[in-house]
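# Analysis of the macromolecular model
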Amino acid sequence: MLLGPFFLIMGIIFVGGLIQALVQSLGYLPAFGMDSVSLEYYRRVLTDFRFISSLRHTFYIALTSSALSVALGVFVAFLVHKTKRSNKFSFTLLRVPIVIPHIVVIIMIFHIFFQTGILSRFAFAIGLIESAHDFPLLIFDRGGVGVIIVYLYKQIPFVMLMVISISRNIDSKYFQVAENLGASPFQIMTRITLPLLAPTILSAFLFCFAFGFGAFEVPFLLGSPARQTLPILAFIEYTSPVLDDRPAAMAINVIISVISLIMIWVYAKVLSILTKRGMEGAIV
Amino acid sequence: MTSMHVENVNKSFGNNHVLKNISLSVQSGEFVSVLGPSGCGKTTLLKLIAGLEMQDSGHVYIGGACCDNVPARKRGAVIVFQDFALFPHMTVKQNIDFGLAVKKISRSERERKIMAMLDVMQISDKAEFYPRALSGGQKQRVALARACVLEPRVLLLDEPFSNLDPGLRDDMREFVSKLQRELGITTILVTHDKEEAFMLSGRVAVIIDGCLQQYDTPENIYKKPHTVLVSDFIGEANYISGMISNYHFSCALGDFDAAELVDGEAKLMLRYDQLIISNSKGMPCRIISKVYKGNVTTYRVEIEKSETLGLPEALTLKINSSDSSFEPGHKAFIRVADRAGHVLR
Ligand SMILES: Nc1ncnc2c1ncn2[C@@H]1O[C@H](COP(=O)(O)OP(=O)(O)OP(=O)(O)O)[C@@H](O)[C@H]1O
Ligand SMILES: [Mg+2]
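The residue numbers shown here count from 1 along each chain, following its written sequence. Note on labels: chains are lettered from A, ligands numbered from 1, in written order. Confidence filtering applies because this is a predicted model: local features only for residues at pLDDT of at least 70, side-chain atom pairs given and counted only at 80 or more, and all residues used for totals across whole chains, interfaces and linings.

### A short note on the overall build of chain B
This is how it is decided: The secondary structure listing takes helices from DSSP runs of H or I that are at least 4 residues long and strands from runs of E that are at least 2 residues long, numbered from the N terminus. Each residue is classed by its C-beta neighbour count within 10 Å, where at least 20 other C-beta atoms makes it buried, 12 or fewer makes it exposed, and intermediate counts make it partly exposed; the C-beta atoms are placed from backbone geometry. By definition, residue pairs are in contact when their C-beta atoms, positioned from the backbone, come within 7 Å.
Check the secondary structure of chain B and you find 8 helices and 20 strands. Its C-alpha atoms give chain B principal-axis dimensions of about 80 × 45 × 35 Å. Counting the 345 residues in chain B, one finds 41% classified as buried. Relative to all contacts within chain B whose residues are 6 or more apart in sequence, the contacts with residues 24 or more apart total 65%.

So, in structure tokens, the structure goes:
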């Protein structure tokens, strides 16, 4: 029952921060002599072309990276499971990318994928390209490839670990029953394993999505200057010397929080549907 | 219709030699029980037949053909597991449909079979329920339906009644017995419950310590066990020492036929209900204790030592009787019931 105080503290920090942001987003900053309350800044943000394109870009990055992470993570997890060589060592190895700080991954990815990076030099050395400029722009690019690669590097092992450890907990009897009733290994995967893993996969997807949606340093360091994600937009507004931009930054933060809350709500909803179907056994 | 044989099958898990040289034949349409104590390898035997485990040596034949190299999903030997193992993410209907769907049978055909099976199992009203909303008996019928709808060549039942409460258990036993006769499916039931085995099947295979001890009719297993091991497992009995000579066994209670045994020391086995206690006929004895159990009363009686009878020491026997009027300390008479008494080593 230590969960009570835990949620209390988490709640105070979250609600406190949110209220602060909410108050400021309404234009109430007495310290700067601003004390009129209005929805003006929301109107300004929501009609701002930069905000709309940033919102779209953020969704694109978060969705692409989380969908790819989950798809590849689940796929590789199954392959690993098949070969039955998922021993302690490989389990530890999987944890490495998860604990490496993002910044280190960013530098690694930069050195490998940038136009003057290792891949590019290799392609040049074997005569695939004639100069560094012929190498496709994967970092600072508008498609966010560099950013997505960093997320994949961190998240695929995370998804794999989750899927492997949960599928170990699924009663192996279900697989035997399915086989006994005539199912092929592929049918067992699609009809038993994947549905039983659905709640886990959903959790993993949401976790990845939330990170891709809210993370700052990765798109800040590897993203295209022309395509900013929401957190970066908020940061730029926040650090702007124009005083008026401060409430706008807060409005963006509130919008990010609201979107996150909606996602949590959707998650809980889907989870409860799955639970009703009796799949609680596989829920993390 | 399909017969089933296992031939000299051995199976070990590490150092644990679970099944030792088991051979068993089941005829087409027959209902056979495999009876043995917990952990004797009953589930393992079923898994070997179904192909979910591979034997270390020996062969499995289904319908006369060796199927050692046939994968489980193509053997047509379907197990109903001890804990039913219904898929939790599927409704009753989807569970029953599973084996049909993976075989790519047409939808209308599947629908027809499922409906018929729901009807047979009397669970039509539960078709859209998820397993966790079902009672134990309903779960079991779904598990049975899921197996039977495939019209398996061999149906394997793994202690299907042990998770049910007693009242329901009797109903389900009758239900399964009737179903088996109607469908005529070759069926093997494994259980540690002797009553269940005797009640349901024409032949019972007793496995103890990994060895097939005896494969016989329920009556022979009960009255004519080959060894004390089987006799003890099946039920309580009195054992009276004596000698065999010239195919005749003699002891304090008289002479008995021992046609199949060679000369030497042996024992007479008498179940508690194969002795009759009365006020007049038989050997005099004294009642030592009495335990009233409702429909029967178990008496412990003593026959005094007597050189003439060949009893160097007093003989204590236990008797079940429907007559509860005898009291400890009193005298009574006992005799062996007609044709009772079985000689074993
Ligand atoms: N996969 C396995 N790995 C190792 N040992 C096993 C395995 N399966 C069964 N055993 C062992 O084999 C023995 C027989 O097991 P089995 O499940 O066949 O017994 P059972 O007769 O069905 O028992 P119960 O009546 O309790 O169900 C047990 O000692 C068990 O520990
Ligand atoms: Mg068992």
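### A short note on the overall build of chain A
Assigned secondary structure in chain A consists of 12 helices and 0 strands. In sequence order, the secondary structure elements of chain A are arranged as α-α-α-α-α-α-α-α-α-α-α-α. If one aligns the C-alpha atoms of chain A with their principal axes, the spans along those axes are about 75 × 60 × 30 Å. Taking all 284 residues of chain A together, 33% fall into the buried category. Of the contacts formed within chain A by residues at least 6 apart in sequence, a portion of 73% connects residues at least 24 apart.

### Here we look at the interface of chain A and chain B
Our working definition: Gly is put with the polar residues, along with every residue not named as nonpolar or charged; the nonpolar set is Ala, Val, Leu, Ile, Met, Phe, Trp, Tyr, Cys and Pro, and the charged set is Asp, Glu, Lys and Arg.
Facing the 18 residues of chain A at the interface are 20 residues of chain B. Looking at the side of chain A that touches chain B, the elements that each hand over two or more residues are helix H8 (172-180) and helix H9 (185-214) of chain A. Looking at the side of chain A that touches chain B element by element, the count peaks at 6 residues for H8(A). Of the residues that constitute the side of chain A that touches chain B, the class distribution is 8 nonpolar, 7 polar and 3 charged.

### Overview of unusual backbone geometry
Positioned with a positive phi, A:Phe140 is a non-glycine residue whose angle comes to about 60 degrees. Its identity is not glycine, yet B:Asn21 carries a phi of approximately 50 degrees, on the positive side. By the secondary structure assignment, B:Asn21 is in strand E2 (residues 16-26). Under the C-beta neighbour-count criterion, B:Asn21 is labelled partly exposed, with 14 such atoms within 10 Å.

### Remarks on the site of ligand 1
All names here are of chain B. For clarity, the cut-off: As a rule, any residue with its backbone-derived C-beta atom within 6 Å of a molecule or strand is reported as near that molecule or strand.
Looking at ligand 1, the residues that line it are Phe13, Asn16, Val18, Gly36, Ser38, Gly39, Cys40, Gly41, Lys42, Thr43, Thr44 and His192. Listing elements by their share of the shell around ligand 1, those giving two or more residues are E2 and helix H1 (42-50). The dominant element in the shell around ligand 1, judged by the number of residues it contributes, is H1, at 3 residues. When the residues that make up the shell around ligand 1 are grouped by side-chain class, the tally is 3 nonpolar, 8 polar and 1 charged.

### Examining the nonpolar core
The tendency in soluble globular proteins is for nonpolar side chains to be buried side by side. Convention followed: Joining buried Ala, Val, Leu, Ile, Met, Phe, Trp, Tyr and Cys residues through C-beta atoms within 7 Å gives a set, and that set is a nonpolar core.
Of all hydrophobic cores here, the largest spans 108 residues; its most connected members are A:Val159, B:Ile49, B:Ala145, B:Leu156 and B:Ala205. In terms of residue count, helix H7 (residues 145-169) of chain A provides more of this core than any other element does, 13 residues in total. Sequence-distant contacts of A:Val159, defined by excluding residues within four places in its chain, comprise A:Ser69, A:Val70, A:Gly73, A:Val74 and A:Ala204. Within the second largest apolar cluster, 24 residues are counted, among which are B:Phe249, B:Cys251, B:Leu275 and B:Ile277.

### A few points about the sheet that holds strand E4 (residues 57-62) of chain B
All names here are of chain B. Our working rule: In short, DSSP must find at least two bridges between two strands for them to pair. For helices, the fitted axis covers only the stretch in contact; all axes are lines through C-alpha atoms, and the angles between them, taken along N-to-C directions, range from 0 to 180 degrees.
The sheet built from 4 strands is open, its strands ordered E2-E1-E4-E5 with antiparallel pairing. In this open sheet, the two edge strands, each paired with only one partner strand, are E2 and strand E5 (65-66). Strands strand E1 (4-13), E2 and E4 of the sheet are contacted by H1, whose axis makes an angle of about 120 degrees with E1.

### A look at the pairing of strand E17 (residues 297-303) of chain B
Residue and element names in this part refer to chain B. By the bridge criterion, 6 bridges tie strand E16 (residues 283-292) to E17 in an arrangement that is antiparallel. Bridging from a neighbouring strand, serine 289 pairs with arginine 300 of E17. Direction of pairing for E17 relative to strand E18 (residues 315-321): antiparallel, over a ladder of 7 bridges. By the bridge assignment for E18, arginine 300 is matched with lysine 318.

### Focus on the sheet that holds strand E20 (residues 342-344) of chain B
All names here are of chain B. If you walk across this open sheet you meet the 5 strands as E13-E12-E11-E14-E20, and the pairing is antiparallel. Looking along the sheet, the strands with just one partner apiece sit at the ends: strand E13 (254-257) and E20. When the angles between neighbouring strand axes are averaged without regard to direction, this sheet yields 40 degrees. Where strand E12 (residues 248-251) meets E13, 4 bridges bridge the pair, whose relative direction is antiparallel. Bridge pairing in E13 links histidine 248 to aspartate 257.

### Overview of H7(A)
All names here are of chain A. Here is the rule we go by: Residue count minus one, scaled by 1.5 Å, sets the expected span of a helix. The reported bend at a residue is simply the angle between two axes, fitted to the 7 residues ending at it and to the 7 residues beginning with it.
Look at H7: 35 Å from first C-alpha to last across 25 residues, which is about the 36 Å you get at 1.5 Å a residue. At glutamine 155, H7 shows its largest bend, some 30 degrees, and a proline, proline 157, comes one to four positions later. Of all 25 residues making up H7, 18 are buried, and the element is well covered by its neighbours.

### Focus: helix H1 (residues 3-25) of chain A
Within an α-helix, residues lying three or four positions from one another point in the same direction, as the helix has 3.6 residues per turn. All names here are of chain A. Helix length check: H1, at 23 residues, gives a terminal C-alpha distance of 32 Å against a target of 33 Å (1.5 Å per residue), a fit within 8%. Ala21, Gln24 and Ser25 are the residues of H1 that are buried. Immediately downstream of H1, the backbone of glycine 27 shows phi near 90 degrees, a positive value.

### As for the confidence of the model for chain A
Residues and elements named next belong to chain A. Spelled out, the test is: The quantity known as pLDDT measures the predictor's confidence residue by residue, on a range of 0 to 100.
In this model, chain A carries a mean pLDDT of 84, and residues with pLDDT of at least 70 account for 93%. Mean pLDDT across the elements of chain A ranges from a minimum in helix H4 (residues 88-99), with 76, to a maximum in H8, with 93. Confidence drops under a pLDDT of 50 for residues 280-284, and excluding neighbours within four residues, the segment shows 14 contacts in the predicted structure.

### Side note on the environment of B:Gly235
Looking at the secondary structure, you find B:Gly235 in the loop between helix H8 (228-234) and strand E11 (237-245). Sequence separation of B:Gly235 and B:Val120 is 115 residues, and the distance between their C-alpha atoms is 36 Å.

### Some details on the environment of B:His59
All names here are of chain B. Checked against the element boundaries, histidine 59 lands in strand E4. Judged by the 14 C-beta atoms lying within 10 Å of it, histidine 59 falls in the partly exposed class. Along the primary structure histidine 59 and glycine 36 are separated by 23 residues, whereas in three dimensions their C-alpha atoms are 21 Å apart. Ignoring sequence-local partners within four residues, the contact set of histidine 59 consists of Glu7, Cys66 and Asp68.

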